[in-house]
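# Breakdown of the fold
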Amino acid sequence: MNSREKGKRGERQWRDELRANGYAARRGQQFSGSPDSPDVICDGLPWAHFEVKLVERLDLYAAMDQARRDSAGKAPLVAHRRNFWPWLVTMDAERFYRLLKQDLTGQWAERMASGSPAAVFAGLPWAFGQVHEGRRLNIHEAMWECGWRNAERGAQRVPVVAHRRPGGRWLITMTANSFFDFLRGVLPPEGKKQTKQTK
């Protein structure tokens, strides 16, 4: 299967994933015919711009750069998967913090500004966060390892991987199921939300 056909298949699969979770969605180019249109248009999430990748090897940082360039003021998100793996969603760290719906004041803001998301993860008892910084990262294997370590410890926490290239922006990757749980308000779980900090 050539890359164009595989790209279309990925767009259809992500469209169906959105629909299965209650969000009206359609393929972008199919309707507009413009190469600048988003891969998938989701009327139920008008703030989101989805870049969809169905590939065995993905330069996730280049995909995020492309999503940012094409987002036209919307939140850039990359929905991606390899064959026989679950869908993952990657976003800028700032978008993840917004999904957390935190009070960005006081100690919490200082943690965000401290550089590494590790300090943020330390304040999220429901998350199993791992932090990677380096030039090479197989995000599917990193997510699998995060989930495996989580299960090995007998924990029922949400696997989340923060990663960046040296000097680059922090990105956050989670499973599509966790992403939809954020949108539904299931995450963060009641009673385990980060305590709001004030100065």
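Structural data are supplied above this passage.
The structure contained in this document is the topic of the report that follows. Small disclaimer: the values here were computed from a predicted structure and weren't measured. (Residues numbered from 1 in each chain as written. Predicted model: local features only at pLDDT ≥ 70, side-chain atom pairs only at ≥ 80, totals over all residues. Heavy atoms only, no water.)

Scanning the protein from N- to C-terminus turns up eight helices and eight strands. Buried positions account for 43% of the 199 residues belonging to the protein. In the protein, once contacts between residues fewer than 6 apart in sequence are set aside, the share between residues at least 24 apart is 60%. As presented, the protein carries roughly 10600 Å² of accessible surface, and 47% of it is formed by carbon and sulfur atoms. (Helix = DSSP H or I, 4+ residues; strand = E, 2+ residues; numbered from the N terminus. Buried < 20%, exposed > 50% of the residue type's maximum accessible area, 1.4 Å probe, protein only. Contact = heavy atoms within 4.5 Å. Areas by Shrake-Rupley, 256 points an atom, 1.4 Å probe, with all protein chains shown as cover.)

What follows covers the nonpolar core. Core analysis: the biggest nonpolar cluster contains 36 residues, and Trp-14, Leu-18, Phe-50, Met-91, Phe-96, Ile-172 and Phe-179 have the highest contact counts within it. At five residues, the largest contribution of residues to this core is made by helix H4 (residues 93–100). Residues in contact with Phe-50, not counting those within four places in the same chain, are Trp-14, Leu-18, Pro-38, Asp-39, Val-40, Cys-42, Leu-45, Leu-77 and Phe-179. (Core = buried A, V, L, I, M, F, W, Y, C linked by side-chain atoms within 4.5 Å.)

For the rest of this paragraph, the subject is the pattern of salt bridges. Applying the stated criterion across every chain, the model contains 13 salt bridges. Among the ionic pairs, Lys-8 bridges to Glu-5, the shortest N-O distance being 3.7 Å. Here Lys-8 and its partner Glu-5 are both found in helix H1 (residues 3–20), three residues apart, which amounts to about one turn of the helix. Assessed through its relative accessible area of 36%, Glu-5 is described here as partly exposed. (Salt bridge = Lys/Arg side-chain N within 4 Å of Asp/Glu carboxyl O.)

Our next topic: the packing of aromatic side chains. Summed over the entire model, instances satisfying the criterion amount to eleven aromatic pairs. Ring centres of Phe-96 and Phe-121 lie 6.5 Å apart, and the angle between their planes is 80°; this geometry places the pair in the edge-to-face category. Pair noted here: Phe-96 is in helix H4 and Phe-121 is in helix H6 (residues 118–122), with a separation of 25 residues, a long-range link. On the basis of relative accessibility, which here comes to 0%, the residue Phe-96 falls in the buried class. A ring pair is formed by Phe-96 and Phe-182, whose centres lie 5.8 Å apart and whose planes are at 75°; its orientation type is edge-to-face. Of this pair, Phe-96 sits in helix H4 while Phe-182 sits in helix H8 (residues 176–184), placing them 86 residues apart in sequence. (Phe/Tyr/Trp six-rings, centres within 6.5 Å; stacked < 30°, edge-to-face > 60°.)

Another aspect to go through is the packing of H4 against H8. Where H4 meets H8, the closest approach of the two axes is 9 Å, and the angle between their N-to-C directions is 45°. Between H4 and H8, the crossing angle belongs to the class labelled oblique. Together, Phe-96, Leu-99 and Leu-100 of H4 and Phe-179, Phe-182 and Leu-183 of H8 make up the contact between the two elements. Taken together, the residues of the contact of H4 with H8 break down into six nonpolar, no polar and no charged. (Axes fitted to C-alpha atoms, helices over the stretch in contact; angles between N-to-C directions. Parallel < 35°, antiparallel > 145°, perpendicular 65-115°, else oblique. Nonpolar A, V, L, I, M, F, W, Y, C, P; charged D, E, K, R; others polar.)

By the element assignment, Phe-179 lies in helix H8. When the C-alpha atoms of Phe-179 and Val-89 are compared, they prove to be 6.9 Å apart, with 90 residues separating the residues in sequence. Not counting residues within four places of it along the chain, the set of residues in contact with Phe-179 comprises Trp-47, Phe-50, Leu-77, Val-89, Met-91, Leu-99 and Met-174.

This next bit is on H1. In a regular helix each residue adds 1.5 Å, so 18 residues correspond to 26 Å; H1 covers 25 Å between its end C-alpha atoms and thus fits that length. Structurally, H1 contributes buried residues whose contacts are with strand E1 (25–27), strand E2 (40–42), strand E3 (48–54), strand E4 (75–81), strand E5 (88–92) and H8. Once H1 ends, the next one or two residues include Gly-22, with phi positive near 95°. (Expected span 1.5 Å × (residues − 1).)

The element E3 is largely enclosed, with a buried count of six among its seven residues. Traced from E3 through helix H3 (residues 60–70) to E4, the parallel crossover comes out right-handed. (Right-handed = clockwise from strand over helix to strand, strands pointing away.)

The terminal C-alpha atoms of helix H7 (residues 139–152) lie 20 Å apart, and with 14 residues this matches the ideal 20 Å at 1.5 Å per residue to within 8%. All of the buried residues in H7 are Ile-139, His-140, Ala-142, Met-143, Cys-146 and Asn-150. Buried residues of H7 fall within an arc of 170° about the axis and therefore sit on the same side. More than 90 degrees from the buried face of H7, the exposed residues found are Trp-144, Ala-151 and Glu-152. (Arc of directions from axis to C-beta.)

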